[in-house]
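# Working through the structure, step by step
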Amino acid sequence: MSILIQVAYLISSILFVLGIKKLGKTKSAREGNVYSAVGMLIAIAATLYTVNILSFVEIFICILIGGAIGLYVSKKVEMTKIPEMVALFNGFGGLASFAVALSDYFFKTQAVNTYPDSVNSISIIVSVLIGGVTFTGSMIAFLKLDGKVSGSPITFKGQHLLNLILLIAFGVAGTLTFMNPGDPTFMIALIVISLLLGILTVIPIGGADMPVVISLLNSYSGMAACATGFILNNNVLIVAGSLVGASGIILTQIMCKAMNRSLTNVLLGGFGQAVSGPAADGPQIVVKEIGVEETAMLFDSASSVIVVPGYGMAVAQAQHVIRELMEQCEKRNIEFKFAIHPVAGRMPGHMNVLLAEANISYDKLIEMESINDEFPNTDLVLIVGANDVVNPAARNNPQSPIYGMPILNADKARTVIVCKRSMGKGYAGVENELFGYPNCLMLFGDAKQTITKVVSEMKEM
Amino acid sequence: MSSEALIILIYILVLASFLGFELISKVPPTLHTPLMSGSNAISGITIVGALLACNEMGYTTISKWLGMIALILATINVVGGYAVTDRMLKMFKKK
């Protein structure tokens, strides 16, 4: 490979690094994204330079199809659906690496009859495993997020044993492929096993654990690209793949910490299923309801308000009407902030994007550690579609399955209004004792509709 | 691949991973969603592998088809990932 192309790859690697560095600050983030995109363009241009002119037509057609689909999706996707899109794209990344690895394998074994050397074989096997798992795992995550498959954990007896057997089978088939690279039978076995493993590892994981799963699959898609870099002896693939791999792992850690659970615990799945027994025996919670007019009056007389958004806000698409509520409050000089729990929503940072879409300034969104001390001095907290992240049981009930999870201390505010569709339990399947607190009022109904009514009441005041 | 070549690749892998950990732990939670869609786009770097697969590796039919599938998918990731990240970041405003 000529030195010119190597230099081009070096420049793209530098641009990727600089791009991520700039993405660390809200002001320069957009510029960082452009840096990274330019890096990608340089890598593509340098690679095209080495390509045989005869294959240009196919390449052009593929890029045109992929580009059109990518552009269409990016323009059309709703901000509430970003987790679905990221899951889908993780899967595409995994499948692409998977396909490149297999393409290389079949080329070497069938076309030129030179067996891949040992480094090459191992890289191909690893790439098939990670790529395959990323692909089917992401598809299941996508279907769960999109509601096409039930979001609740799907478990069956011997599930973990089956996964273990498959993993061992993969090891055996991998060794056999390594020893007889020319025989595609074992390679086909590897393909089937890796695709199965992806499905089986994600189905037992519940919908609200998806932030962890998506982050992890994000990391896998980077690692798959990395493995492909080893197959092709290509530095830029390794650099970019490692950056993505590291990013996914860090996000996975942050999400696990915010739920006070280990990664193993999340991956083994089934969380929130078996806890219904003892929890149901607990004392019945008596709640107090509040109507739209009274809610409007409470807002009118408050001097400080904190909104705690959760996944329910995204489902109800209530972010825009919450901005209107904010405008009404700011007109009355009421201090208005948002408290963002790290696992609110279905992916890291989901709430921030939704509220940014609703044109809410990002300095109003406060992280959990910074805002938790402010709740005792707050007049009114409005909880929209969040549940477990404000359940005081996490602080004071060692029996609760969510005990120890860091939560937003919303219960410490003077008055708490919970906007909720019904008395359904949170994802963890536990009663939220906050609802029975003397300072807690329930505002039942669809978040968007009820808050719209509250806003129109306030306008008339 | 010679062991010298392999060790250099492993060097790159290890150092780039450490760099990635350092850089990404500084990204604030507000930007985690754009970070993820942006890394979707970066993981589309497989496009480089796909281009090579469409070309010199691709003389047998199956290799070529696989390369073309990979190329379409990686392009979706690259174009879609960067475009949607830009769309999101455009919305992050301070008033």
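Reference entry: report on the structure contained in this document.

### Here's the deal with the overall build of chain A
A count of helical and extended segments in chain A gives 18 helices and six strands. Seen along its three principal axes, the alpha-carbon backbone of chain A occupies a region of about 80 × 50 × 30 Å. Within chain A, buried positions represent 56% of all 461 residues. Pairs at least 24 apart in sequence give 79% of the contacts found in chain A among residues at least 6 apart. Accessible area of chain A: about 18,400 Å², with a carbon and sulfur share of 63%. Positive and negative side-chain charges of chain A, numbering 30 and 32 respectively, have mean locations separated by a distance of 2 Å.

### Re the packing of aromatic side chains
Residues and elements named next belong to chain A. Under the definition given, this model contains three aromatic pairs over all chains. Pairing Y105 with F106 gives two aromatic rings, centres 5.2 Å apart and planes at 70°, and the pair type is edge-to-face. In this structure F106 comes out as buried when scored by relative accessible area, which is 9%. Between F336 and F338, the ring centres sit 5.5 Å apart and the planes meet at 70°, which makes this aromatic pair edge-to-face. The cationic tip of R346 hangs over the ring face of Y311; the distance from NZ or CZ to the ring centre is 3.7 Å.

### Details of the side chain of N409 of chain A
All names here are of chain A. Within the secondary structure, N409 sits in the loop between α17 (393–396) and β5 (415–420). The exposure class assigned to N409 is buried, which follows from its relative accessible area of 12%. At 2.5 Å, the side chain of N409 and the side chain of R395 are in polar contact.

### A word on helix α14 (residues 319–331) of chain A
Residues and elements named next belong to chain A. Relative to the 18 Å expected for 13 residues at 1.5 Å per residue, α14 spans 19 Å between its end C-alpha atoms, a close match to the ideal helical length. Taken together, the buried positions of α14 are Q319, V321, I322, L325, M326, Q328 and C329. Burial along α14 is one-sided: seen end-on, the buried residues are contained in an arc of 160°. As for α14, its buried residues are in contact with α12 (292–301), α13 (311–316), β2 (335–340), α15 (350–357), β4 (380–384) and α18 (447–460). In the stretch just after α14, N333 is the one whose phi turns positive, near 60°.

### Side note on the sheet that holds strand β3 (residues 365–367) of chain A
Residues and elements named next belong to chain A. On the basis of which strands lie adjacent, the open sheet formed by six strands has the order β3-β2-β1-β4-β5-β6 and parallel pairing. The strands lining the two open edges of the sheet, one partner per strand, are β3 and β6 (440–444). Going across the sheet, the axis of each strand differs from the next one's by a mean of 25°, ignoring polarity. Bridging between β2 and β3 involves three bridges; their strand directions are parallel. Bridged to I340 within β3 is E367. The strands that α14 touches are β2 and β4; relative to β2, the one it contacts most, it runs at about 145°.

About the criteria used
- Residues numbered from 1 in each chain as written.
- Chains lettered and ligands numbered in written order.
- Predicted model: local features only at pLDDT ≥ 70, side-chain atom pairs only at ≥ 80, totals over all residues.
- Heavy atoms only, no water.
- Helix = DSSP H or I, 4+ residues; strand = E, 2+ residues; numbered from the N terminus.
- Buried < 20%, exposed > 50% of the residue type's maximum accessible area, 1.4 Å probe, protein only.
- Contact = heavy atoms within 4.5 Å.
- Areas by Shrake-Rupley, 256 points an atom, 1.4 Å probe, with all protein chains shown as cover.
- Lys, Arg positive; Asp, Glu negative; His and termini not counted.
- Charge placed at Lys NZ, Arg CZ, Asp CG, Glu CD.
- Phe/Tyr/Trp six-rings, centres within 6.5 Å; stacked < 30°, edge-to-face > 60°.
- Lys NZ or Arg CZ within 6 Å of the ring centre and 35° of its normal.
- Polar contact = N/O pair within 3.5 Å; in protein donor to acceptor, adjacent residues only side chain to side chain.
- Expected span 1.5 Å × (residues − 1).
- Arc of directions from axis to C-beta.
- Pairing = 2+ DSSP bridges.
- Axes fitted to C-alpha atoms, helices over the stretch in contact; angles between N-to-C directions.

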